[in-house]
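A structural walkthrough
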Amino acid sequence: MPRMLDVSQDVRAEIGDDEADRLLVGDDTPGSYDCTSCRTPGDSDQERTSTVLFIGDETAVLAFAHATCIPSQVVKVAEDQLQGAVRSITGSEQKNTEGRMPEQAVLGITSGLVLIEDDVRPALVVEPTGPVARPGTDGSGGDEFLQLLLEQGFHPAPDLNRLPAVLPGWSVLLAVGQLHAVLQPGSGGGNPVAWWQAHQPLQVTDGWRAAVNKSQTVLVFAAPAGTIGQQPREDLLRDALEKAAVNGALVAASMPLAGT
């Protein structure tokens, strides 16, 4: 049975017509997958699914995403970043290809619970799919994701046993128990604008929702691409965060809850 798969012309050009046709009839497509954008489960038998091809200098990884999150596309990243991403993409497939220049990365967000100061805290972990360049540059300066966040008020997080400081003007928008956006201050003191916004509201667990309703605060951690990956359990997520913290690859901020 053909699956509900979208293969863009750019992706088809990279993988070839034969491989694209095999994907479209379901031969090489996993029915279930973890969305490479929002990192929640998807099912290509039940919902529109995008093929996303990550290309490095020597490696290409074919991943899948909800079509409501991102369209089918080719995302070009640095080879070292792609090698880290390979470990966090389920159902990926490696191919050799020519080198490419990096393009804009997609931000992925994962929700989880983290024990800090003897209390379970609701947290979001932000990790891009590739290196993030400073706006207006060609990316030759390397991955500046953490530096850009530090300039916006995030703080280094060397110790996961301490609550990060509140980031003024930022908030996490939750509506009807679903995650909608991370908001930042508007320019010139205007209304808040979305720093990250879900293309489709993301479900959170009952435990996460209960924790955020209690604290009215969300801890937002951020790390470079390939640092955290998708962890199936919250103890493994904690381990990955602690490793990033020790390596100086983690920034964080506390943000008040906006909405319900």
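The coordinates are above.
Residues numbered from 1 in each chain as written. Predicted model: local features only at pLDDT ≥ 70, side-chain atom pairs only at ≥ 80, totals over all residues. Heavy atoms only, no water.

**Brief notes about the packing of aromatic side chains**
- The tally for this structure, following the rule as stated, stands at 3 aromatic pairs.
- For the pair Phe154 and Trp170, a centre-to-centre distance of 5.5 Å together with 85° between the ring planes defines the contact as edge-to-face. With a gap of 16 residues between them, Phe154 in the loop between helix H4 (145-151) and strand S10 (155-156) and Trp170 in the loop between S10 and strand S11 (171-175) connect regions that are remote in the sequence. Both residues of the pair, Phe154 and Trp170, belong to the buried class.
- The rings of Phe154, Trp170 and Trp195 are connected pair by pair, giving a single aromatic cluster. (Phe/Tyr/Trp six-rings, centres within 6.5 Å; stacked < 30°, edge-to-face > 60°. Helix = DSSP H or I, 4+ residues; strand = E, 2+ residues; numbered from the N terminus. Buried < 20%, exposed > 50% of the residue type's maximum accessible area, 1.4 Å probe, protein only.)

**Remarks on helix H5 (residues 206-215)**
- By the burial criterion, the buried members of H5 are Trp208, Ala211 and Val212. Each buried residue of H5 sits inside an arc of 95° when the element is viewed along its axis, so together they form one side. Among the exposed residues of H5, those oriented more than 90 degrees off its buried face are Asp206 and Lys214.
- One or two residues past the end of H5 sits Gln216, with phi positive at roughly 60°. (Arc of directions from axis to C-beta.)

**Here we look at helix H6 (residues 234-246)**
- Compared with the 18 Å implied by 1.5 Å per residue over 13 residues, the 18 Å span of H6 between its first and last C-alpha is a close match.
- For H6, the full list of buried residues reads Leu237, Arg238, Ala240, Leu241, Ala244 and Ala245. Down the axis of H6, the buried set is contained in an arc of 165°. They therefore lie on one face. Residues Lys243 and Val246 are exposed on H6 and point more than 90 degrees away from its buried face.
- Lining the buried residues of H6 we find strand S8 (107-116), strand S9 (119-128) and strand S14 (217-222).
- Gly248, located one to two residues past H6, shows a positive phi value of around 70°. (Expected span 1.5 Å × (residues − 1). Contact = heavy atoms within 4.5 Å.)

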